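Chain and residue survey
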Amino acid sequence: MRGGRRLFPLLLLALLPGLCHGREAAPGAVTCGSQISLVLSCLFELGRWDMSFNSIQTGSGQQSVTGVEASDDANSYWRIRGKSDSSCQRGTPVKCGQAIRLTHVNTGKNLHTHHFPSPLSNNQEVSAFGDDGEGDDLDFWIVQCSGTYWEREDAVRFKHVGTEVFLSITGEQYGHPIRGQREVHGMPAANHHNYWKAMEGVFIKPSLDPAKHDEL
């Protein structure tokens, strides 16, 4: 940890088929404005820590995203947003093939990747970038799913618009100072390491009343 700044766990989870027994999202489409945790396996939670990659190993110097053991952590939520606010209005179902941003609720930083090698696997570094939800065009991810809309019970992939890698965890572990945390990175190929599922959170229902939402 640099300069005594405290660590903020973030919120995506990981998914190994058949191992999760936790509460799943109710049927229905995932919608713009919803605040969700994402599961890649029930063993690891994608977490963002308030330190740069340089505090662990060399890298871009942006804030790191790591995989931590799954937990019920209120800090582990991402808000679903479009490339622009008008392209993903609150409560609108997210379409398969739509480009979105995933903004960490507590810090306002966007899930991001760029052409830097990840420190453990030499895949592509994934980081948290921007301020108050505003970063750059490397914050955009395409939701890959099989139907018309991203359904809550579906396993989906997130393909990066700018570099065409898939958001992934393969199990490489950091040592001190975040011993046991897993590397989150981008992989060039679609495989079982990059399926994600909406697990729980605040799902905004399609409604003319923005105050109405469905909490899980």
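Residues numbered from 1 in each chain as written. Predicted model: local features only at pLDDT ≥ 70, side-chain atom pairs only at ≥ 80, totals over all residues. Heavy atoms only, no water.

This part takes up the state of the cysteines. Going through the model one piece at a time under the given rule, you end up with two disulfides. What pairs with C32 in a disulfide is C88, and their sulfur atoms sit 1.8 Å apart. Taking the sign of the S-S torsion, about -100° here, the bridge from C32 to C88 comes out left-handed. You can see C32 sitting in the loop between β1 (12-14) and β2 (35-39) and its partner C88 sitting in the loop between β5 (78-82) and β6 (99-104), a full 56 residues away along the chain. This pair shows no difference in class: C32 is buried, exactly as C88 is. Here the cysteine-cysteine linkages of the protein are recorded as 1-2, 3-4, numbering only bonded cysteines and doing so in sequence order. (Disulfide = S-S within 2.5 Å. Helix = DSSP H or I, 4+ residues; strand = E, 2+ residues; numbered from the N terminus. Buried < 20%, exposed > 50% of the residue type's maximum accessible area, 1.4 Å probe, protein only.)

Here the protein averages 78 in pLDDT, while 71% of its residues score no lower than 70. Mean pLDDT values for the elements of the protein range from 38 in β1 up to 98 in strand β9 (residues 141-144). Of the regions scoring below 50 in pLDDT, residues 1-25 engages in 91 contacts with residues more than four places distant in sequence or in other chains. Throughout residues 49-58 the model reports pLDDT below 50, and contacts reaching past four residues in sequence, or to other chains, amount to 47 contacts. (pLDDT = per-residue confidence, 0-100. Contact = heavy atoms within 4.5 Å.)

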